[in-house]
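# Coordinate analysis (summary)
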Amino acid sequence: MESTASLEKEDRLPFGGTVCVQINDSTKRDVKSVRGASEVLIDWPHARRGPVYQTTMEMLQSALAGKATPEQAHEAFVAFAKHAGVLVT
């Protein structure tokens with residue numbers, strides 16, 4: 001699995017647990033924080049963005065702004081990953 005320590009600040013709104021997502025056929029990413037989840041969604045293909053993507057992005061932005069908890073953002077990101085079929089269990 002790809003190390004994400006250099007990609008996200010683990011102390012920046014950390015999730016209670018790691019969420020592993022399939023980025024492409026050969027790459028998985030362990031997402032450990034609101035910031036990391038935001039990075040995944042920023043890189044998400046435009047053609048695959050829809051209402052669930054938008055709702056999740058809004059929740060992540062709310063958490064970064066201190067208007068939602070990291071736990072709420074974690075739940076939204078997990079739901080998004082399941083919906084998109086990229087959650088690795």
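Below or above, wherever it landed, is the structure these notes cover. (Residues numbered from 1 in each chain as written. Predicted model: local features only at pLDDT ≥ 70, side-chain atom pairs only at ≥ 80, totals over all residues. Heavy atoms only, no water.)

## Here's the deal with the side chain of Ser33
If you trace the backbone, Ser33 turns up in strand S2 (residues 28-33). Classification of Ser33 as buried rests on a relative accessible area of 0%. A distance of 3.1 Å separates the side chain of Ser33 from the backbone nitrogen of Gly36, its partner in a polar contact. (Helix = DSSP H or I, 4+ residues; strand = E, 2+ residues; numbered from the N terminus. Buried < 20%, exposed > 50% of the residue type's maximum accessible area, 1.4 Å probe, protein only. Polar contact = N/O pair within 3.5 Å; in protein donor to acceptor, adjacent residues only side chain to side chain.)

## Some remarks on the pairing of strand S1 (residues 14-22)
Of the strand pairs in this sheet, S1 and S2 are connected by 5 bridges, and their pairing is antiparallel. For Val21, the partnering residue across the bridge sits in S2 and is Arg29. If you look at the hairpin formed by S1 and S2, you'll find 5 residues sitting between the two strands. (Pairing = 2+ DSSP bridges.)

## Points about empty space enclosed by the protein
According to the stated counting rule, one finds 1 cavity of 30 Å³ or more in the structure shown. In this structure, the largest cavity encloses a volume near 30 Å³. In terms of lining, the largest cavity is formed by Val21, Gln22, Ile23, Val40, Trp44, Phe77, Phe80, Ala81 and Val86. Elements with a minimum of two residues in the lining of the largest cavity: S1 and helix H3 (70-84). Residue contributions to the lining of the largest cavity peak at 3 residues, all from H3. (1 Å grid on protein atoms, 1.4 Å probe; cavity = no way out; pocket = protein on both sides within 12 Å on 5 of 7 lines; lining within 4 Å. Points joined across faces, edges and corners; volume = space filled by probe spheres on them.)

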